[in-house]
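A closer look at the structure
Residue strings, one per chain:
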Amino acid sequence: MEMILATKSSTPIIGQLATVMGWIMDGIYRLLNIFGIQNIGLCIIIFSILIYALMTPLQIKQQKFSKLSAIMQPELQKIQKKYKGKNNDTAAMQKMQEETQAVYQKYGVSPTGSCVQLAIQLPILYALYQVIQNIPAYVGSVYNVFNGVCTKILAVDGFTDIINNFIADNKMTRVRQVTDNADSIVDFLYALSPSQWKSLQDISQFSGFSDQISKTASEIQKMQTFGVLNIADQPLSYIKTGSLILIIAALAIPLLSWATQMLNLKLMPQAATQNGNDDNNAMASSMKTMNTVMPLMSAFFCFTFPVGLGIYWIASAVVRSIQQLLINRHLNKMNIDDLVNENMRKMEAKRAKEGLPPQKITNQAHQSARNINKVEKGMSGTDAVSYTHLRAHET
């Protein structure tokens, strides 16, 4: 029988990436199934580890750029100060751009270096979220569980009105409305909690295949059970009606989501807030506020979102934290001179490929790199304060 996938994202690039990720996650599920393990929650964790591991080279490149940015900032700020108040002077602005570009060339980096890495990573992260949010759309092994019941429902007269009334009566939030196609029905069935599956069996129009509904519910619940929780349920529903063990487990999801994201933020390069100009201080203050608010928002959303999404947030934050520890260790061992030389070699190779002559580079970049290396080894006093200010620009 031909398999019809549930609703997919139609966004260009993100939709295609999500489809490929769906194949990967389906492969993970099939591999676990060989060993008798049918657990979507475990698939989500393994899937998150794999995708973020593959993104490690992009993270390293982005943070190499940040490390060099800290060295370049004094020179860039000097140029900005030199041309301050000359925004209406076209010649001055052109000269400012030329001098700024020269600084980037001296260190062998592109002004858009960090943006390029983010531009590559963001579609991947959006696609990853799409797969986790709507697993049956991308994981064929999960979709197949709903085939039988979906076919039966489609054969019932007026099934759209029946199900839409069911959605309204049960105050379902993940699915607002179904239409007259299989994709929509599968989305609805996957969003059902264990108690809602039982309510579905009680609908008189579905009584002729209530046994099949019960069998499908048992099969999907086995796949959705993670510890003592069901990944389709909301932590808030357990807190309202569950036993003490279920309440503790449900509370652990938002708390762990907050804690793991805070850990991840702590491991990221931190910006200084007491030095620099007003713009830098305002930016650092905004970043600090956002870093405090975002984990709290994540914890808040976890109460009303399915447990599976909370598991994804926790797993991804843990993976990113481990990834960040390894990247920090790698970059701390890296000699800045070597990094500048490596970038310059790449830039010169690119220029040679384009038929351009080698650019004239002074030893200022090497001298700046040596100065930064000396500070990193443990200077104190005003030198350390100055270096803290430079590090503020890494994020």
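Residues numbered from 1 in each chain as written. Predicted model: local features only at pLDDT ≥ 70, side-chain atom pairs only at ≥ 80, totals over all residues. Heavy atoms only, no water.

For the rest of this paragraph, the subject is the overall build of the chain. A count of helical and extended segments in the chain gives 19 helices and two strands. Here the analysis covers contacts within the chain between residues at least 6 apart in sequence; of these, 73% occur between residues at least 24 apart. With an accessible surface of roughly 21400 Å², the chain has 58% of that area assigned to carbon and sulfur atoms. (Helix = DSSP H or I, 4+ residues; strand = E, 2+ residues; numbered from the N terminus. Contact = heavy atoms within 4.5 Å. Areas by Shrake-Rupley, 256 points an atom, 1.4 Å probe, with all protein chains shown as cover.)

If you walk through the whole model with that rule in mind, you get two salt bridges. Among the salt bridges present, the one from arginine 30 reaches aspartate 26, with a minimum N-O distance of 2.8 Å. One end of the pair, arginine 30, and the other, aspartate 26, are both in helix α1 (residues 14–34), four residues apart, so they sit about a helical turn from each other. Classification of arginine 30 as partly exposed rests on a relative accessible area of 48%. Judged by its relative accessible area of 12%, aspartate 26 falls in the buried class. (Salt bridge = Lys/Arg side-chain N within 4 Å of Asp/Glu carboxyl O. Buried < 20%, exposed > 50% of the residue type's maximum accessible area, 1.4 Å probe, protein only.)

On to unusual backbone geometry. Despite not being glycine, isoleucine 13 has its phi angle at roughly 70°, a positive value. If you trace the backbone, isoleucine 13 turns up in the segment before α1. Classification of isoleucine 13 as exposed rests on a relative accessible area of 56%.

Tracing the backbone shows alanine 191 in the loop between α10 (182–190) and α11 (194–201). By relative accessible area, alanine 191 is classed as buried at 7%. In sequence terms alanine 191 and asparagine 134 are 57 residues apart; their C-alpha atoms lie 9.1 Å from each other. If sequence neighbours within four positions are ignored, alanine 191 has contacts with Met172, Arg174, Val175 and Gln196.

Let us now look at the nonpolar core. Phe188, Leu189, Leu200 and Phe206 are the most contacted members of the largest nonpolar core, which has 70 residues in total. Excluding its chain neighbours within four sequence positions, the residues that come into contact with leucine 200 are Phe166, Phe188, Leu189, Leu192, Phe206 and Ile213. Grouped together as the second largest cluster of nonpolar side chains are 22 residues, Tyr107, Leu331, Ile336 and Leu339 included. (Core = buried A, V, L, I, M, F, W, Y, C linked by side-chain atoms within 4.5 Å.)

Turning our attention to the packing of α11 against helix α12 (residues 210–224). At a closest axis distance of 9 Å, the pairing of α11 and α12 adopts a crossing angle of 170°. Taken together, the axes of α11 and α12 lie roughly antiparallel to each other. Where α11 approaches α12, its residues Pro194, Trp197, Leu200 and Gln201 are matched on the opposing element by Ser210, Ile213, Ser214, Thr216, Ala217, Ile220 and Gln221. Split into classes, the residues belonging to the contact of α11 with α12 amount to six nonpolar, five polar and no charged. (Axes fitted to C-alpha atoms, helices over the stretch in contact; angles between N-to-C directions. Parallel < 35°, antiparallel > 145°, perpendicular 65-115°, else oblique. Nonpolar A, V, L, I, M, F, W, Y, C, P; charged D, E, K, R; others polar.)

Let us now look at the packing of helix α8 (residues 147–154) against α12. Packing of α8 against α12 brings their axes to within 9 Å, and their N-to-C directions diverge by 145°. The hand of the α8/α12 crossing is left-handed. Taken together, the residues of α12 that come into contact with α8 (itself represented by Gly148, Val149 and Lys152) are Gln212, Ile213 and Thr216. For the contact of α8 with α12, a count of residues per class yields two nonpolar, three polar and one charged. (Left-handed = near helix turned anticlockwise from the far one by under 90°.)

The subject of this paragraph is the confidence of the model for the chain. Predicted confidence across the chain gives a mean pLDDT of 80, with 82% of residues reaching 70 or more. Throughout residues 271–276 the model reports pLDDT below 50, and contacts reaching past four residues in sequence, or to other chains, amount to 15 contacts. Contacts of residues 361–395 to residues separated by more than four positions or lying in other chains number 61 contacts, the stretch itself having pLDDT below 50. (pLDDT = per-residue confidence, 0-100.)

Tracing the backbone shows glutamine 224 in helix α12. Once residues within four sequence positions are removed from consideration, glutamine 224 is found in contact with Ile40, Tyr190, Leu229, Asn230, Ile231 and Ala232.

Attention shifts here to helix α14 (residues 244–267). Between its first and last C-alpha, α14 extends 34 Å over 24 residues, near the 34 Å set by a 1.5 Å rise per residue. The largest bend along α14 measures about 25° and falls at isoleucine 253, with the proline proline 254 one to four residues further on. Turning to α14, its buried residues number three or more, namely Ala249, Ala250, Ile253, Pro254, Ser257, Thr260, Gln261 and Asn264. (Expected span 1.5 Å × (residues − 1). Bend = angle between axes of the 7 residues up to and from the residue.)

Now for the packing of aromatic side chains. Using the criterion set out here, one finds seven aromatic pairs in the structure. When the ring of phenylalanine 166 is compared with that of phenylalanine 188, the centres are 5.8 Å apart and the planes differ by 90°; the resulting orientation is edge-to-face. Of this pair, phenylalanine 166 sits in helix α9 (residues 159–169) while phenylalanine 188 sits in helix α10, and the two are 22 residues apart along the sequence. Given a relative accessible area of 6%, phenylalanine 166 falls into the buried group. For the ring pair phenylalanine 305 and tryptophan 313, a centre distance of 6.0 Å and an interplane angle of 35° mean the geometry is tilted. Residue phenylalanine 305 is classed as partly exposed on the basis of its relative accessible area of 27%. An aromatic cluster is present here, built from Phe300, Phe301, Phe305 and Trp313 joined pairwise through their rings. (Phe/Tyr/Trp six-rings, centres within 6.5 Å; stacked < 30°, edge-to-face > 60°.)

Below, the discussion takes up a nonpolar patch on the surface. A cluster of nonpolar residues, Met290, Val293, Met294, Met297, Phe300 and Phe301, forms a patch on the protein surface that exposes about 540 Å² of accessible area. Methionine 294 gets classed as partly exposed once you look at its relative accessible area, which sits at 44%. (Patch = residues over 30% accessible without salt bridge, like charges linked within 9 Å, V, L, I, M, F, W, Y side chains within 5 Å.)

Topologically, leucine 256 is positioned in helix α14. For the pair leucine 256 and valine 318, spaced 62 residues apart in sequence, the C-alpha to C-alpha distance is 9.8 Å.

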